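An overview of the molecular structure
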Amino acid sequence: MKETILCKFAEVFGDTEGTEVYFAPGRVNMIGEHTDYNGGHVFPCALTIGTYGVARKRQDRKLRFYSMNFERIGVIESTLDNLCPDPWADWTNYPKGVMWAFEEKGVPIPNGLDILLCGNIPNGSGLSSSASVEVLTGFILRDMFGFDVSNQDLALIGQYSENHFNGVNCGIMDQFAIAMGKKEHAIFLDTATLSYEYAPIRLEDAKIVIACSNKKRGLGDSKYNERRGECEQALSELQKVCAVGSLGELTEEEFEKYQGSIGSEVHRRRARHAVYENRRTVQAVQALKNNDVAAFGQLMNASHVSLRDDYEVTGIELDTLVEEAWKVEGVIGSRMTGAGFGGCTVSIVKNGSIDDFIARVGAAYQSRIGYAADFYVVEIGDGPCKLT
């Protein structure tokens, strides 16, 4: 991949003198969905697929971007003196947003850059291609200009840029999982405090399989922000009857006791998901510590049911992939992952059943939805790096 993107950089920008090559992973969340902005726990891991980048400092303030994933767009030019969101800037609003966020945090960028990106994360899949680009951009800026920021800082800057520059009210999980990834480990993260621990994923005779629905969804255009608002409304009503700072602080018993204070039945279901999903995530990590992968899989299944029925973010595509997966012998657990409304599912599948899983789920999906899903057998990888 390194040689391929360097050759393309030379073709687009003239030569490769002064370039450096970088990588930032995508991520998949094993369990703990729509809990990150509700003060709960998440359990994501970085993947070995992600975004590659070639970058070179310029002597002026100009920014030139090129993506091998959107070659028809060509080079998109901008400047450090006009960092503002622009529909015409297309995908470059993500790296521009990170540059803007650095400057907002008091870290000015002294020079422009030529940047070429190439990702092997399926676009619109829910495996966090946007967060991968954000963390990669921050990593490039830190390396190129010697900024004194940690990987955790890069995650927070990426989230800040997505919230305030790109207008997506996301939580911290995506950027944190990518910036802090560790090979063969998932991250048990308390999103309220950012305390975390690495938990080894020991699947032995099984693999993680991602099924991409190929239904594209744009987070900013989806009901993501609506769901967040519904949870905030539920929380404000709960706070009138109990002292709680976030939905993630509640136990199931406390929620059942106080849920009557939430006036809207819809908002009550949204809050129920946030509370119960948070507890499932805590239980799932404990199951892994006990080497009980079967229990982990059952919690994954329950997570999907809650996302389907209480949070209503699945849809026919994701439900088809998961419900067909549940029918295949050798599937330990399966659920939608990411924001929903399209994107991907994540399944744990025994090695001997992977081919059968892909064939049967793929055929059922094609028959019901009318177009194909894509399948990826993935490995858990490290966070961002410089490729020497």
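The shown structure was predicted, so the numbers you read here are calculated from the model rather than taken from an experiment. (Residues numbered from 1 in each chain as written. Predicted model: local features only at pLDDT ≥ 70, side-chain atom pairs only at ≥ 80, totals over all residues. Heavy atoms only, no water.)

In this section: the overall build of the protein. Along the backbone of the protein there are 11 helices and 13 strands. Taken over C-alpha atoms, the radius of gyration comes to 21 Å for the protein, in line with the 21 Å a tight globule of 388 residues would show. The dimensions of the protein, computed from C-alpha atoms along their principal axes, are 60 × 50 × 40 Å. Intrachain contacts of the protein at a sequence separation of at least 6 include 72% that bridge at least 24 residues. One way to put it: in the protein the 39 positive side-chain charges average out to a point 1 Å from where the 53 negative ones average out. (Helix = DSSP H or I, 4+ residues; strand = E, 2+ residues; numbered from the N terminus. Rg over C-alpha atoms; globule rule 2.2 N^0.38 Å. Contact = heavy atoms within 4.5 Å. Lys, Arg positive; Asp, Glu negative; His and termini not counted. Charge placed at Lys NZ, Arg CZ, Asp CG, Glu CD.)

This part covers the pattern of salt bridges. Counted by the stated rule, this structure contains 30 salt bridges. We note a salt bridge from E312 to R270, for which the minimum N-O separation is 3.0 Å. Residue E312 is located in the loop between α9 (293-309) and α10 (315-326), and its partner R270 is located in helix α8 (residues 265-289); the two are separated by 42 residues in the primary sequence. Using a relative accessible area of 4% as the deciding quantity, one classes R270 as buried. Notably, a salt bridge pairs R272 with D310, separated by 3.3 Å at the nearest N-O pair. Here R272, found in helix α8, pairs with D310, found in the loop between α9 and α10; they are 38 residues apart in sequence, far enough to count as distant. On the accessibility criterion, R272 (23% relative accessible area) is partly exposed. (Salt bridge = Lys/Arg side-chain N within 4 Å of Asp/Glu carboxyl O. Buried < 20%, exposed > 50% of the residue type's maximum accessible area, 1.4 Å probe, protein only.)

Moving on, we come to the sheet that holds strand β1 (residues 20-29). The strand order across the open sheet built from 6 strands is β5-β4-β6-β3-β1-β13, with neighbouring strands paired in mixed fashion. Looking along the sheet, the strands with just one partner apiece sit at the ends: β5 (76-79) and β13 (385-387). For this sheet, the mean angle separating the axes of adjacent strands, direction not counted, is 30°. By the bridge criterion, 7 bridges tie strand β3 (residues 44-57) to strand β6 (residues 113-119) in an arrangement that is antiparallel. Paired with R56 across the two strands is D114, which belongs to β6. Packed on one face of the sheet, helix α3 (residues 129-145) meets β1, β3, β6 and β13 and runs near 45° to β3. (Pairing = 2+ DSSP bridges. Axes fitted to C-alpha atoms, helices over the stretch in contact; angles between N-to-C directions.)

With that settled, consider helix α6 (residues 224-238). In a regular helix each residue adds 1.5 Å, so 15 residues correspond to 21 Å; α6 covers 21 Å between its end C-alpha atoms and thus fits that length. Listed in full, the buried residues belonging to α6 are Y224, R227, R228, E230, C231, A234, L235, E237 and L238. (Expected span 1.5 Å × (residues − 1).)

Attention shifts here to the side chain of S347. Of note, S347 is situated in strand β11 (residues 344-350). Overall, S347 belongs to the buried group, its relative accessible area being 1%. A distance of 2.7 Å separates the side chain of S347 from the side chain of S334, its partner in a polar contact. With sequence-adjacent residues up to four places away left out, S347 is seen in contact with K207, I208, V209, M300, A325, G333, S334 and F357. (Polar contact = N/O pair within 3.5 Å; in protein donor to acceptor, adjacent residues only side chain to side chain.)

As a further point, take the environment of Q286. For Q286, the location among the structural elements is in helix α8. Residue Q286 is classed as partly exposed on the basis of its relative accessible area, which comes to 39%. On a C-alpha basis, the gap between Q286 and L141 in space is 38 Å, while along the polypeptide they are 145 residues apart.

What follows is about the packing of aromatic side chains. The tally for this structure, following the rule as stated, stands at 14 aromatic pairs. Both rings, one in F176 and one in Y196, keep their centres 5.3 Å apart while their planes meet at 70°; by these two values the pair is edge-to-face. Highlighted residues: F176 in helix α5 (residues 173-179) and Y196 in strand β8 (residues 195-200), separated in sequence by 20 residues. Ring plane angle 80° and centroid distance 6.0 Å describe the contact between Y365 and Y371, whose orientation is recorded as edge-to-face. Exposure remark for Y365: the relative accessible area of 0% places this residue in the buried category. Ring pairing ties together the aromatic residues W100, Y160 and F165, which thus form one cluster. Here K105 stacks its cationic end above the ring of Y160, 3.9 Å away from the centre of that ring. The positively charged end of K182 is found above the aromatic ring belonging to Y198, 5.1 Å away from the centroid. (Phe/Tyr/Trp six-rings, centres within 6.5 Å; stacked < 30°, edge-to-face > 60°. Lys NZ or Arg CZ within 6 Å of the ring centre and 35° of its normal.)

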